[in-house]
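Understanding the architecture of this molecule
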Amino acid sequence: MKPMIWLAEDEAGIADTLIYTLETDGFAVEWFERGLPLLERLDDAVPALCILDVGLPDINGFELCRRLRERADLPLMFLTARSEEMDRIIGLEIGADDYVAKPFSPREVSARARTILRRYAKGQAPAAAPAPTGFDLDEARACVHFAGHKLNLTRYEYLLLKTLLAEPGRVFSRQQLMERVWRDAEDSFDRTVDTHVKTLRAKLRDIDPDAQPIQTHRGLGYSLGE
């Protein structure tokens, strides 16, 4: 079965070119000229990948990404006419797997889509060990409960915690976490891991003020206590 890609792009010329290239490369494509109909379509199906134009006429692509992330754990790519570094960082931080600035090569978009899906598939392997005491990992719903409370996690907080939960006691270096969680690690920053660990710890302490399950190993990385 061909991987299904949902494309949200209001410019018909760009959409037509992308659809032709993606379908030629073995994908199935469903095109949306607006973002809200794509969001509604999620009630009936879930695609393998969403490609979102940031400048949609009915909803900002970043906001559309946030709403999608609340309902499904699926890979996302942004298309945008804006190339400023801050916009790119925002796009990646809110959950996008890639960010392509216009003008772009349709072949490059297709190649990046295939790379994202390949990396994403590797990240879906079942956990190798049971979650440590106090945690309940629900991969089907892409959520984690701690001490009986559901954690309100961003996409990358969830993937980071899921990685640590998979191998309790193992010390992961920042580079290892970037490669497993941020699928294009070379485009991320070293401090990104530290920032997400900090926010994760804060959310755990909101539930249990004495909780310290994520351990720092100075000069080495992070682990989750067994």
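First things first, this report covers the structure right here in the doc.

Procedures and definitions
Residues numbered from 1 in each chain as written. Predicted model: local features only at pLDDT ≥ 70, side-chain atom pairs only at ≥ 80, totals over all residues. Heavy atoms only, no water. Phe/Tyr/Trp six-rings, centres within 6.5 Å; stacked < 30°, edge-to-face > 60°. Helix = DSSP H or I, 4+ residues; strand = E, 2+ residues; numbered from the N terminus. Buried < 20%, exposed > 50% of the residue type's maximum accessible area, 1.4 Å probe, protein only. Salt bridge = Lys/Arg side-chain N within 4 Å of Asp/Glu carboxyl O. Pairing = 2+ DSSP bridges.

With that out of the way, let us pick up the packing of aromatic side chains. Two descriptors summarise a pair of aromatic rings, namely the distance from one centre to the other and the angle between the planes of the rings. Applying the stated criterion across every chain yields a total of four aromatic pairs. Taking 5.1 Å as the distance between ring centres and 80 degrees as the angle between the ring planes, the aromatic pair formed by F62 and F78 counts as edge-to-face. A residue pair is termed long-range when its members are at least 10 positions apart, and F62 in helix α3 (residues 61-71) and F78 in strand β4 (residues 76-80) qualify at 16 residues. Judged by relative accessible area, F62 falls into the buried class, the value being 7%. For F78, a relative accessible area of 0% translates into the label buried. Taking the centre distance of 6.2 Å and the plane angle of 70 degrees together, the rings of F78 and Y99 count as edge-to-face. Here Y99 lies in strand β5 (residues 98-101) and F78 lies in strand β4, a separation of 21 residues in the sequence.

Further remarks concern the pattern of salt bridges. The full count for this structure, using the stated rule, is 17 salt bridges. The closest approach of N and O atoms between R107 and D25, which form a salt bridge, is 2.6 Å. Of this pair, R107 sits in helix α5 (residues 106-122) while D25 sits in the loop between α1 (12-24) and β2 (28-32); the two residues are 82 residues apart in sequence, bridging distant segments of the chain. Residue classification places R107 among the partly exposed residues on the basis of a relative accessible area of 46%. As a salt-bridge pair, E63 and R66 come within 3.8 Å of each other at their nearest N and O atoms. Taken as a pair, E63 and R66 lie in helix α3 at a separation of three residues, close to a single helical turn. Given a relative accessible area of 38%, R66 falls into the partly exposed group.

Turning our attention to the pairing of strand β6 (residues 135-138). Moving residue by residue along a regular strand, the side chains alternate between the two faces of the sheet. Where β6 meets strand β7 (residues 143-146), four bridges bridge the pair, whose relative direction is antiparallel. Looking across to β7, one finds that L137 is bridged to V144. In this antiparallel pair of consecutive strands, β6 and β7, the connection spans four residues, and A142 shows a positive phi of 50 degrees.

The quantities given are spatial measurements derived from coordinates; they are silent on function.
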